[in-house]
Amino acid sequence: MSIQGVQLFIQDDHVVMDNGILQVTISKPEGIVTGISYQGIDNLLEIRNHESDRGYWDLVWSEEGTGGTTGTSYVIKGSKFKVMVENEEQVEISFTRDWSSSLEGKHVPLNIDKRFVMLRGSSGFYSYAIYEHLKEWPGFNLPQTRIVFKLRKDKFRYMAMADNRQRRMPLPDDRSPRRSSPLAYPEAVLIVHPVESEFKGEVDDKYQYSCENKDLHVHGWICNNPPVGWWQITPSNEFRSGGPMKQNLTSHVGPINLAMFLSAHYVGEEMVPKFQRGEPWKKVFGPVFFYLNTLIDNNDPLWLWEDAKQETKTQVQCWPYNFLASDDFPKSEQRGCVSGRLRVSDRYVSNEHISVNGAYAGLAPPGDVGSWQTESKGYQFWTETDENGYFLINDVRTGDYNLYAWVPGFIGDYKNDTIITITSGCDIDMGELVYEPPRDGATLWEIGIPDRTAAEFYVPDPDPKYINKLYVNHPEKYRQYGLWERYSDLYPNGDLVYTVGVSDYRTEWFFAHVTRKKDDGKYEGTTWQIKFNLDNINQTGTYKLRVALATAYVAELQVRINNPKANPPLFTTGVIGHDNTITRHGIHGLYGLCSIDVKGTLLMEGENTIFLTQPMCSSALQGLMYDYIRLEAPPS
């Protein structure tokens, strides 16, 4: 490794950061990364692309009052350049774009300050940005913002994001109309005439490589000749929206590498932050670290992935960074911490409080129970409890928060009503916190595992025509394309019938409650049945049916008991959900819990049937996923 100090070269239209290990060229004053030189490769970025289409921050915005998750896509270009730090140890440079009333309706009403940082001896560089909306400015919506890098397609062919999610990737040329066939939506294509025959007959879809925030720390690409790795490392999720379960895009065919900060994917419009006139707002997105590595004493290119994982641990340990020049990014001593112990009280499981292991506890802006799922303006800080339920949340930015939690194995969400005010250097002990999950009576029967996903249910093999080889015999086989169509194959004439005590949800409960395709190409709603036996009905009591939903997309759940034609149904959600999880190969979107009163007079001694109807049927992609279903006896 070079011990050369960091140098900054300022040219007419570009600036170059150079620490002897790599050189990063950025347009001035726009702040677009146009070139990265490393290990004898003049430019790791796609040289066939225009300079403005190689490495950039972008966003999607719309005017106040606009609905939906789309808007105007805008590559963020600065109008002013400034050197913030320049010495042998560090260079930090700023590219700003200020808003004024003359830009109303033309540009998003934000001041944006993009920063790039290079350190001595570091095999990479950092980027972060500060977005600010002043209260006198017009309102707006911000559906998406991110960093995009487009690497050289002749160099980077191998993509990795997890030990079991990595592969050699098709070329972007394989997605062209002459080499592929369109599928149900533009992101998915069937590769028919690839440049290289190994990819013939495969489906390519960027959503097949999505990842939950809690697992999304490092992903990137490997070049074999010369052996070079490109990795995007995100050491903290504090600036990402939607909490640890929120799913985001990673890398995909291009080769493209994304740092997603805010998106509506797997949630819908509820995730879109909407700012009003009179609402001031400022947020720091990042920093993220772009890490480059090469082989030294090893001949296996996959060692680059192992090294990137190790570097990720190093970056996590260094968080929050203490070298950034902006006062908007607080250092560790300017932050606070919160600790406590979370236990569960469920008298139908145990007479004593239950210690929880691996529960999720987090701080998010004050809101309703579970509101962190769609919170998108502030910061969130999450951790997992140890085997005795103890948790410690370090390095929390100053401000007001609620403490939220959920416990795998138990339904519902926990929220502590206390407003927690974090001040610089504070250390707050919440003591023992007790979560009482929704419960009226003893469990008569249950289907599934309450873990906020549908992963435990039956996920079919894909149609052989629509394969992604990575997910053959893979634990995340739900990421294969077109699985919604398999329901009609498996249930061509009648819908799913599940018998409690006889059926096995792992093999007999289809993972998604979807529509059925008819012979005329149209779709019809479907009604699933749960059959169960009861003895000694409490005619005067009220039973409780708990239905935890893992996701919904323009769907409705109607519940009927013993009469499939009851009108109105005993319960309906109404039309809910814009998660689009079924289309995008996820296993969950927004979590929701339905608690339904069932009068004893509706039940019969002997066999009973619950009818679950999803009637919305204008497309194949409508439907919902269940997390867990339970019937409780009346309170005792």
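Going by an unreviewed UniProt entry, the protein chain carries the name rhamnogalacturonan endolyase and comes from Gossypium anomalum. One UniProt comment on the protein chain, placed under Subcellular location (unreviewed entry), says "Secreted". Its UniProt record, at the heading Catalytic activity (unreviewed entry), says of the protein chain: "Endotype eliminative cleavage of L-alpha-rhamnopyranosyl-(1->4)-alpha-D-galactopyranosyluronic acid bonds of rhamnogalacturonan I domains in ramified hairy regions of pectin leaving L-rhamnopyranose at the reducing end and 4-deoxy-4,5-unsaturated D-galactopyranosyluronic acid at the non-reducing end."

### Considering the side chain of Asp205
Topologically, Asp205 is positioned in the loop between β16 (203-204) and β17 (211-212). The buried charged residue Asp205 lacks any salt bridge, with Arg175 as its nearest oppositely charged partner at 6.1 Å. A distance of 3.0 Å separates the side chain of Asp205 from the backbone nitrogen of Tyr207, its partner in a polar contact. A polar contact of 2.6 Å, which involves the side chain of Asp205, links it to the side chain of His585. Those residues in contact with Asp205, other than ones at most four positions away along the chain, are Arg175, Tyr185, Glu187, Ala188 and His585.

### A closer look at the environment of Gly448
With respect to the helices, strands and loops of the structure, Gly448 is situated in strand β33 (residues 443-448). Given a relative accessible area of 9%, Gly448 falls into the buried group. Apart from the residues within four sequence positions on either side, Gly448 is in contact with Glu456, Phe457, Tyr505, Asp627 and Tyr628.

### Some remarks on the sheet that holds β16
Taken in spatial order, the 3 strands line up as β14-β15-β16 in an open sheet, and their pairing is antiparallel. Because the sheet does not close on itself, it has two edges, and the strands there are β14 (180-182) and β16.

### Re the nonpolar core
Ranked by internal contacts, the top residues of the largest apolar core, which has 104 residues, are Ile36, Tyr131, Phe149 and Trp230. No other element matches the 8 residues that strand β24 (residues 281-294) contributes to this core. By size, the runner-up hydrophobic cluster in this structure holds 55 residues, among which are Leu534, Val547, Met625 and Tyr626.

### Remarks on unusual backbone geometry
At the junction of Lys28 and Pro29, the peptide bond is cis and its omega measures out at 10 degrees in the coordinates. Of the consecutive residues Trp319 and Pro320, the connecting peptide bond is found in the cis state with omega at -5 degrees. Relative to the elements of secondary structure, Pro320 occurs in the loop between α1 (303-317) and β25 (336-344). Backbone geometry places Asp395, a non-glycine residue, at a positive phi of 55 degrees. Its place among the elements puts Asp395 in strand β29 (residues 390-396). Under the relative-accessibility criterion, Asp395 is labelled buried at 19%. With phi around 70 degrees, Arg452 is a residue other than glycine that occupies positive phi space. Within the secondary structure, Arg452 is located in the loop between β33 and α2 (486-490).

### Considering the UniProt feature "domain: Rhamnogalacturonan lyase" (unreviewed entry) in the protein chain
Listed under "domain: Rhamnogalacturonan lyase" (unreviewed entry) in the UniProt record, and renumbered for this structure, are residues 357-429 and 443-631. Helix makes up 0% of residues 357-429 and strand 49%, and the two end C-alpha atoms of the span are 19 Å apart. Counted over residues 443-631, helix gives 5% and strand 39%. Its end C-alpha atoms are 6 Å apart.

### Comments concerning the pattern of salt bridges
Enumeration over the complete set of coordinates arrives at 44 salt bridges. Among the ionic pairs, Lys377 bridges to Glu279, the shortest N-O distance being 2.7 Å. Of this pair, Lys377 sits in the loop between β27 (360-364) and β28 (381-384) while Glu279 is found in the loop between β23 (274-275) and β24, placing the two residues 98 residues apart along the sequence. Residue Glu279 is classed as partly exposed on the basis of its relative accessible area, which comes to 22%. Of the charged contacts in the structure, one is a salt bridge between Lys309 and Glu306, with a shortest N-O distance of 3.2 Å. Placement of the pair is Lys309 and Glu306 together in helix α1, with a separation of 3 residues, close to one helical turn. Given the relative accessible area of 22%, Lys309 is considered partly exposed.

### Topic: the side chain of Thr294
In this fold, Thr294 is placed in strand β24. Classification of Thr294 as buried rests on a relative accessible area of 14%. For Thr294, the side chain forms a polar contact with the main-chain oxygen of Pro227, separated by 2.6 Å. Sequence-distant contacts of Thr294, that is, excluding residues within four places in its chain, are made with Tyr38, Gln39, Pro227, Trp303 and Leu304.

### Here we look at the pairing of strand β13 (residues 165-168)
Relative to β13, strand β12 (residues 156-162) is paired through 4 bridges, and the arrangement is antiparallel. Bridged to Met159 within β13 is Arg167. In this structure, the hairpin formed by β12 and β13 is closed by a connection of 2 residues.

### Remarks on the sheet that holds strand β8 (residues 90-97)
Strand order in this open sheet of 9 strands is β7-β8-β9-β10-β24-β19-β18-β12-β13, and the pairing throughout is antiparallel. This sheet does not close on itself; its edge strands, each paired only once, are β7 (80-86) and β13. Averaged over all pairs of adjacent strands, the angle between their axes in this sheet comes to 15 degrees, without regard to strand direction. In terms of strand pairing, β8 meets strand β9 (residues 111-119) through 8 bridges, oriented antiparallel. Along β9, the bridge assignment pairs Thr96 with Asp113. Against the sheet, α1 contacts β10 (124-133), β12, β13, β18 (218-223), β19 (228-233) and β24, and its axis sits at roughly 140 degrees relative to β24.

### Quick word on the packing of aromatic side chains
Under the counting rule described, the total for this entry stands at 48 aromatic pairs. Taking 5.5 Å as the distance between ring centres and 80 degrees as the angle between the ring planes, the aromatic pair formed by Tyr498 and Trp509 counts as edge-to-face. Linking Tyr498 in strand β34 (residues 497-499) with Trp509 in the loop between α3 (505-508) and β35 (513-514), this pair joins segments that are 11 residues apart in sequence. Positioned over the ring face of Phe329 is Arg335, at 5.1 Å from the centre of the ring.

### Observations regarding the pairing of strand β44 (residues 606-614)
Counting buried positions over the 9 residues of β44 gives 7, a clear majority of the element. Of the pairings in the sheet, the one linking strand β38 (residues 526-534) to β44 comprises 9 bridges and is antiparallel in character. When the sheet's bridge partners are listed, Thr526 is paired in β44 with Gln614. Here strand β40 (residues 558-561) pairs with β44 via 4 bridges, running antiparallel. The residue bridging Val559 from the neighbouring strand is Leu612, located in β44.

How each quantity is defined
- Residues numbered from 1 in each chain as written.
- Predicted model: local features only at pLDDT ≥ 70, side-chain atom pairs only at ≥ 80, totals over all residues.
- Heavy atoms only, no water.
- UniProt positions renumbered as here; feature names shortened; annotations may be inferred.
- Helix = DSSP H or I, 4+ residues; strand = E, 2+ residues; numbered from the N terminus.
- Buried < 20%, exposed > 50% of the residue type's maximum accessible area, 1.4 Å probe, protein only.
- Lys, Arg positive; Asp, Glu negative; His and termini not counted.
- Salt bridge = Lys/Arg side-chain N within 4 Å of Asp/Glu carboxyl O.
- Polar contact = N/O pair within 3.5 Å; in protein donor to acceptor, adjacent residues only side chain to side chain.
- Contact = heavy atoms within 4.5 Å.
- Pairing = 2+ DSSP bridges.
- Core = buried A, V, L, I, M, F, W, Y, C linked by side-chain atoms within 4.5 Å.
- Axes fitted to C-alpha atoms, helices over the stretch in contact; angles between N-to-C directions.
- Phe/Tyr/Trp six-rings, centres within 6.5 Å; stacked < 30°, edge-to-face > 60°.
- Lys NZ or Arg CZ within 6 Å of the ring centre and 35° of its normal.

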